[in-house]
Amino acid sequence: MSALDNYFKLGEHGTTVRTEVLAGITTFLTMAYIMFVNPSILGDAGMPKGAVFVATCLIAALGSVLMGLYANYPIAVAPGMGLNAYFAYVVVLGMGYTWQAALGAVFVSGCLFLLVTIFRIRDQIINGIPASIRVAITVGIGLFLALIALKSAGVVVESKATLVTLGDLHSPSAILFTLGFFLIVVLDRLRVPGAILIGILAVTVASFIFGGNQFQGVFSAPPSIAPTFLQLDIKTALSSGFLNVVLVFFLVELFDATGTLMGVAKRAGLLVPGKMERFHRSLLADSGAIFAGSLLGTSSATAYVESASGVQAGGRTGLTAVTVAVLFLACLFIAPLAGSVPAYATAPALLFVACLMLKELTEVDWADTTEAIPAAITAVMMPFTYSIANGLAFGFISYAAIKLFTGRAREVHWMVWIIAALFLFKFAYIGGH
């Protein structure tokens, strides 16, 4: 225990091994769905689902270990939602490219991502983000989490007339979600350790009794990763007609990952003077995960917004991320057991964390509309476009435009102009994907 304390500086962060492990388990349970969702989505693009399952677990373990051991951050890494959908439904099924070429695009974008991180260009981008936009990132991620949670529980469903509407509140998933949410809130208020984890496990147990959840067993041998390992087509990815795809991957990776890292790290109290060097290390960790993921055979990896649940459970160091990594490795062999946690069991934890993240709104200077309006747009567009990157895009563009048209252009950091111009170019010539 003393060795763990010395390496992760547990005492300095006011945490313990038990708290960090519980936080890691909590984060893992809220993001374990990716093991099954990612193979399903990439499978639609023609990729072998068994190999993608293994690649997903391996890159989640590798990325999280890098984040934990190198950056000492309680943030997990795994293939990103949204990026996998763009990979499968836009690049492969929409544009007609092979999945090997799409993997090549992930590889090239990962190399660019790694370069801008190594040469501290990404730091310049982060330093140029206005304070109001930084706050809005946290709030927007909170709203995004809330939408994911409500959708997972079936409380919010699709509607042709109104886009979204209220789901069937009599369904087992909606009822168990509601009970789980109130259980977490009450236990947290009573300062019960592991309140979020208890809520997730309680709903999971109830799902076997009332939700029709089926126990699929415990152990299974992992499938072969050979069908996707090193199968990327870099030559096609570097062709002129494919560079637009590479740029989209790069921009989404940059702002999804950076936005998530900033939001969760701020929530953990780690974005303070003296700890920023660790933040740079976290940027390198998630950059390396994208690069490695393309080699193993999965779409772009990114820092996971669900890490906020582990932070809320007390996670403050890399031991939380390492715990997540170990659990993903274990899931190579106990996939049926890991898959028994339904989405509506983790949804209460996500909604609880989302509610707490909204309090950051109080830090916005609402008296100054040139700051408040871009912040509001940033936060609102994240859930409404189902993309952290899109929220940031509209935030940067509106921030630069409003400052310019109100005669306050001098207040805008030069990096904001560049980022706003890049996003305008993306929307004008590439599209909104």
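Looking at an unreviewed UniProt entry, one finds the protein named NCS2 family permease, with Comamonas squillarum as its source organism. In its Sequence similarities (unreviewed entry) section, the UniProt record describing the protein reads: "Belongs to the nucleobase:cation symporter-2 (NCS2) (TC 2.A.40) family. Azg-like subfamily."

Considering the nonpolar core
Among the nonpolar cores identified, the biggest contains 128 residues, and Phe 87, Leu 145, Phe 249, Phe 255 and Phe 328 are the most heavily contacted of them. Among the elements that line this core, the one with the most residues is helix H12 (residues 243–267), at 14 residues. Apart from residues no more than four positions distant in its own chain, Phe 249 is found in contact with Leu 83, Tyr 86, Phe 87, Val 91, Ala 102, Ala 105, Val 106, Ser 109 and Ser 300. With seven residues, the next largest nonpolar core counts Ala 136, Val 139, Val 364 and Ala 375 among its residues.

Some points on a nonpolar patch on the surface
Judged by side-chain polarity, Leu 404, Phe 405, Trp 414, Trp 417, Ile 418 and Leu 422 come together as a nonpolar surface patch covering roughly 630 Å² of accessible area. Contributions of two or more residues to the nonpolar patch are made by helix H19 (388–405) and helix H20 (414–430). By residue number, the principal contributor to the nonpolar patch is H20, which donates four residues. Residue placement: Ile 418 occurs in helix H20.

Brief notes about the layout of surface pockets
Taken as a whole, the second largest pocket encloses approximately 400 Å³ of empty space. Along its surface, the second largest pocket is lined by Leu 143, Leu 147, Lys 151, Val 156, Val 157, Glu 158, Leu 163, Val 164, Pro 383, Phe 384, Thr 385 and Tyr 386. At the level of secondary structure, the elements contributing two or more residues to the lining of the second largest pocket comprise helix H8 (131–153), strand S2 (156–159), strand S3 (163–166) and helix H18 (369–384). Looking at side-chain class alone, the lining of the second largest pocket contains nine nonpolar, one polar and two charged residues.

Scoring rules and cut-offs
Residues numbered from 1 in each chain as written. Predicted model: local features only at pLDDT ≥ 70, side-chain atom pairs only at ≥ 80, totals over all residues. Heavy atoms only, no water. UniProt positions renumbered as here; feature names shortened; annotations may be inferred. Core = buried A, V, L, I, M, F, W, Y, C linked by side-chain atoms within 4.5 Å. Buried < 20%, exposed > 50% of the residue type's maximum accessible area, 1.4 Å probe, protein only. Helix = DSSP H or I, 4+ residues; strand = E, 2+ residues; numbered from the N terminus. Contact = heavy atoms within 4.5 Å. Patch = residues over 30% accessible without salt bridge, like charges linked within 9 Å, V, L, I, M, F, W, Y side chains within 5 Å. Areas by Shrake-Rupley, 256 points an atom, 1.4 Å probe, with all protein chains shown as cover. Salt bridge = Lys/Arg side-chain N within 4 Å of Asp/Glu carboxyl O. 1 Å grid on protein atoms, 1.4 Å probe; cavity = no way out; pocket = protein on both sides within 12 Å on 5 of 7 lines; lining within 4 Å. Points joined across faces, edges and corners; volume = space filled by probe spheres on them. Nonpolar A, V, L, I, M, F, W, Y, C, P; charged D, E, K, R; others polar.

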